[in-house]
Amino acid sequence: MKTENYDVIVIGGGAIGLATAYHLGQRKAKTLVLEQFTFVNQLGSSAGVSRQFRIPYPDEYMVKMALEAQPYWDALEKEANKSLLDKVGTLWFGDPEVHSTEGNIAEAEKALQALDVPYTTLTSKEIEEKYQFKNLPENYTGLFQPDGASINFKATIEALLDLCKKEETVQLEENSPVLDIKQMGELFEITTPNGIYIAKKLAIIPGPYINSVINLLDFKIEATYWNMSSAYFKKTDPTIQYPTWFVFQNAIGENGNQFYGFPSVDWDHPEYIRVAPDFVITPLEEPSDRTLIPNPQELAYTSEWVQQHMTGLSTEPEYTSTCLIALSTIPNKELLIDFAPKYVPNYKNIVVYATGWAAKFTPFLGKIMSDLALDGHTDFDISHFQLGRKFFKSI
C-alpha cells in the first residue's frame, strides 16, 4: 500500500469534484481526486449528456448565483477551447398558481426584475405561436429569458477531466472508493483499495453517495433520492426547434405532472428532442437502490404530454436513461455548501457540497469549493446554503 501526502483530497470525481480539482490545480495546490467508479460514469448525478443553464429562480440569491456563474462558463469554454453551452433561451410556462420543485413563475419574475435581468412575458396563445406547443389551457402564462442554454454536460466533464490531467499538481484516481477516514491531529488519513493518502484538507463532493463518505466522520445529511427518467423523441418535422423549457402544472394522482425539455443539438442525437419528467413516482431510500432502467409509467406520462402539447415529434420514447440525484428534505434548501458540523474534529478543514440540481453552476461551484478548502472562506455569499445542525445529523 502506498502513502502520499496532499494539500487537498477531493472525494468524488463527477462534474463539481473535477471543477474543484481544476481550480485547486490553478492555485498549485497538491490535489488528489478519488472517484469510486470510473471518470465520466453514468452512475451518479453527473450521468447523461445535457443539462439546462437558466437564470430564472424564485429567489434573488439563486438568480444572482446563476448570473455569477456565467463568466466561469465563459472562462472554462475559453480554456477548453470548446463550446459547452448552446444558447437557446429559457422558457418557463404553465399554471401561474403552481409552486413546484423549480419554484413559481410569478416569484421568478419578481426576482428577475429585482436584479434587472431581461425577460419577456407571454400568454398561452403566444407560447403556442412562438414555441411550437399546442393545446395549452388559456390561463397558462409564461416568461422567456434569452440567456438560457443547453449545456453539453458530457463534454463539460470531459473538458474538466482533460484540464485536470494537464495540471502538474493534480492526481486522478478512479475505482477508488473511500473505505476509511482517520484523524491524525490536523491531518486526515484516507484509505482506499489502491492506497493510503494523507491530506491537510478534504473536499467531499460525491453527489448522491455523500452519506457513504461522511458517515465515516460520524455525521450524515437528511436527503431523499430520485432516480430521474429521461427519453428522446424523434423529430417528425426536421425544422422543429425548441428552447430549454419547463412547464408548471398541478399534480394528477401519482403523476407529478412537471416536465422539461431541450432543443435538438448536433452533439446529442440531433434528430431528436429530449423531454423528461421532473418528478419520480417512488423516491429511493438509498442510492444503492438505483437502476439504469427508467420507470415505465414516468415515461408513459411523458409520452402522453408530448402527444398532447408538442408539435413535430413522435410519441415513442427512445434512448432512455436515468440519473440519480439527492435532494434535501428541508424545505427551500436546495444546495448544501458548508463545512462539516462543529462537533466533527478538524471540521474547518472539511468542506462539503451535497444535494440539489447544480450542473448549471459547475465551474462556479468548483471555484467556491476550492476557495473554501484552501482559504476557509469564499467571496461569494453562501449563507443561504449553510445549514449547520438543521441539516447535519450525528450518528
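Since the model is a prediction, treat every value here as computed from it, not as a measurement.

S.K.: How do you make sense of the packing of helix 1 (residues 15-26) against helix 5 (residues 153-166) when you look at a structure like this?
M.R.: In a pair of packed helices, the angle between the axes and the distance between the axes together describe the arrangement. Taken N-terminus to C-terminus, the directions of helix 1 and helix 5 make an angle of 35°; their axes are 9 Å apart at the nearest point. Between helix 1 and helix 5 lies a crossing whose hand is left-handed. Contacts between helix 1 and helix 5 involve A15, L18, A19, A21 and Y22 on the former and, on the latter, F153, I157, L160, L161, L163 and C164. Residue composition of the contact of helix 1 with helix 5, by class: eleven nonpolar, no polar and no charged.

S.K.: Looking at this model, I keep getting lost on helix 7 (residues 296-309). Mind explaining?
M.R.: Three- or four-residue spacings in an α-helix give side chains the same orientation, since the helix completes a turn every 3.6 residues. Compared with the 20 Å implied by 1.5 Å per residue over 14 residues, the 20 Å span of helix 7 between its first and last C-alpha is a close match. Every buried residue of helix 7 is accounted for by E298, L299, Y301, T302, S303, W305, V306 and H309. Where helix 7 begins, the capping side chain belongs to N295, and its oxygen is found 2.8 Å from the backbone nitrogen of Q297.

S.K.: Sorry if this is basic, but what is going on with the environment of S370 here?
M.R.: Within the fold, S370 resides in helix 8 (residues 362-375). We classify S370 as buried; its relative accessible area is 0%. Separated by 360 residues in the primary sequence, S370 and V10 have C-alpha atoms spaced 9.6 Å apart. In contact with S370, other than residues within four places in its own chain, are T20, H23, L24 and R27. Reaching out from S370, the side chain makes a polar contact with the backbone oxygen of K367 at a distance of 2.8 Å.

S.K.: Could you clarify how one ought to interpret the packing of helix 2 (residues 60-80) against helix 8 in this entry?
M.R.: Put simply, helix 2 and helix 8 touch, their axes get as near as 7 Å, and they point 95° apart. Taken as axis vectors, helix 2 and helix 8 run roughly perpendicular relative to one another. Residues M65, E68, A69, Y72, W73 and L76 of helix 2 lie in contact with helix 8, whose contacting residues are T362, P363, F364, L365, K367 and I368. Grouping the constituent residues of the contact of helix 2 with helix 8 by class yields nine nonpolar, one polar and two charged.

Rules of the game
- Starting from 1, residues in each chain are numbered consecutively following that chain's sequence as written.
- Predicted model: local features are reported for residues with pLDDT of at least 70 only, side-chain atom pairs are reported and counted for 80 or more only, and whole-chain, interface and lining totals are derived from all residues.
- To obtain the side-chain values, all non-hydrogen atoms of the structure were used and water was disregarded.
- Helix axes are fitted only over the stretch in contact, all axes being lines through C-alpha atoms; the angle between N-to-C directions runs from 0 to 180 degrees.
- Labels follow the DSSP assignment, with helices taken as runs of H or I lasting at least four residues and strands as runs of E lasting at least two, numbered in each case from the N terminus.
- Crossings are sorted by hand: turned counterclockwise from the far helix by less than a right angle, the near helix makes the crossing left-handed, and turned clockwise it makes it right-handed.
- The criterion used for residue contact is that any of the two residues' heavy atoms lie within 4.5 Å.
- Three classes are used: nonpolar for Ala, Val, Leu, Ile, Met, Phe, Trp, Tyr, Cys and Pro, charged for Asp, Glu, Lys and Arg, and polar for all others, with Gly counted as polar.
- Take the residue count of a helix, subtract one, and multiply by 1.5 Å to get its expected span.
- Accessibility here uses a 1.4 Å probe with only protein chains present; expressed as a share of the type maximum, an area under 20% marks a residue as buried, one over 50% as exposed, and anything in between as partly exposed.
- For this analysis, a polar contact is any N or O atom pair within 3.5 Å, provided that within protein one partner can donate a hydrogen and the other can accept it, and provided that sequence-adjacent residues contribute only side-chain to side-chain pairs.
- Any angle from 65 to 115 degrees is called roughly perpendicular, while one under 35 is roughly parallel, one over 145 is roughly antiparallel, and all others are oblique.

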